[in-house]
Amino acid sequence: MIQPLTNQAFPAECGGPDDPFRHLRDDMAESQLAARGVLDPCVLEAMRRVPRHLFLPPDQADRAYLDQPLPIGQGQTISQPYMVACMTELLALQPGHRVLEIGTGSGYQTAVLALLAGGVVSVERLEPLLEEARKRLKYLGLDNISLHCGDGSLGFPEQAPYDAVLVTAACPKIPPALVDQLAEGGRLVAPVGPKDLQELVLGVKTGGKLTLRRQFGCRFVPLIGRQGWRDDSR
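Source: prediction; values computed, not measured.

**Regarding the pairing of strand 5 (residues 145–149)**
- Two strands pair when backbone bridges link them, and strand 4 (residues 119–124) and strand 5 are joined in this way by five bridges, in the parallel orientation. When the sheet's bridge partners are listed, valine 123 is paired in strand 5 with histidine 148.
- For the crossover that starts at strand 4, traverses helix 5 (residues 127–139) and ends in the parallel strand 5, the hand is right-handed.

**Overview of the packing of helix 1 (residues 22–33) against helix 3 (residues 81–91)**
- It is the contact of helix 1 with helix 3, at a shortest axis distance of 10 Å, that shows an interaxial angle of 75°. Considering the angle they form, helix 1 stands roughly perpendicular to helix 3. Residue-level inspection shows Met28, Gln32 and Leu33 of helix 1 in contact with helix 3, the latter providing Pro81, Tyr82 and Ala85.
- For the contact of helix 1 with helix 3, the class distribution of residues is five nonpolar, one polar and no charged.

**Some words on the side chain of glutamine 60**
- Secondary-structure assignment places glutamine 60 in the loop between helix 2 (41–49) and strand 1 (70–73).
- Look past the residues within four positions of glutamine 60 in its chain and what remains in contact with it is Leu70 and Pro71.

**Topic: the pattern of salt bridges**
- Counted according to the given criterion, the structure contains seven salt bridges.
- For arginine 48, the salt bridge identified is with glutamate 30, shortest N-O distance 2.6 Å. With a gap of 18 residues between them, arginine 48 in helix 2 and glutamate 30 in helix 1 connect regions that are remote in the sequence.
- For glutamate 30, a relative accessible area of 43% corresponds to the partly exposed category.
- We note a salt bridge from arginine 214 to glutamate 199, for which the minimum N-O separation is 3.5 Å. Pair noted here: arginine 214 is in strand 9 (residues 209–218) and glutamate 199 is in strand 8 (residues 198–206), with a separation of 15 residues, a long-range link.

Reading the values: rules and limits
- Residues numbered from 1 in each chain as written.
- Predicted model: local features only at pLDDT ≥ 70, side-chain atom pairs only at ≥ 80, totals over all residues.
- Heavy atoms only, no water.
- Pairing = 2+ DSSP bridges.
- Helix = DSSP H or I, 4+ residues; strand = E, 2+ residues; numbered from the N terminus.
- Right-handed = clockwise from strand over helix to strand, strands pointing away.
- Axes fitted to C-alpha atoms, helices over the stretch in contact; angles between N-to-C directions.
- Parallel < 35°, antiparallel > 145°, perpendicular 65-115°, else oblique.
- Contact = heavy atoms within 4.5 Å.
- Nonpolar A, V, L, I, M, F, W, Y, C, P; charged D, E, K, R; others polar.
- Salt bridge = Lys/Arg side-chain N within 4 Å of Asp/Glu carboxyl O.
- Buried < 20%, exposed > 50% of the residue type's maximum accessible area, 1.4 Å probe, protein only.

Bear in mind that shape data such as this cannot, by itself, settle questions of function.
So this is what it looks like as structure tokens:
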């Protein structure tokens, strides 16, 4: 049975008849996602609904629906649509689930999660990015998101446990704090490995331990924090 998306109403210009990007999102969902194996109908619908062009700097908006990561400032990127959809599908979200996202970035992945889950807690270490994401998500009317500035490698224990944890930055290893904050039976998705190339892994928590399944190779910006990579810029 297909689960309904969270009842969130976007502004009329996002997805309405006057949205000039609507057909690009439809094409993205078919040619970039479904054609390459993303099958969850709710994930595909969320990807059709979220206006990716609003999560990019204006000079990048015309590239919003290409299947590639794009710069968003502060040395960070917005992930390619296929990666966002794959990671989201691996979480197997249900409407009542509570999700912890590590790395808010532009807020695009956050918005996709918010349409599929009951609530999203998202942690971002770079305050300028967080504030821009906050404005975008507020404009879209997404009211089941809680944003926080801090060390994402430590998670956000104040609202644990979480049914799902999504890490959108490269981990040298999965931070123990995130495993601790994941509920029994919960799912964690993260890119793990060296800074230059990682492997996307799915972890399922059983008996208090995480059982990992490798997915495919990927490349993300590093997760900076006490249980991630050291900040070499300091």
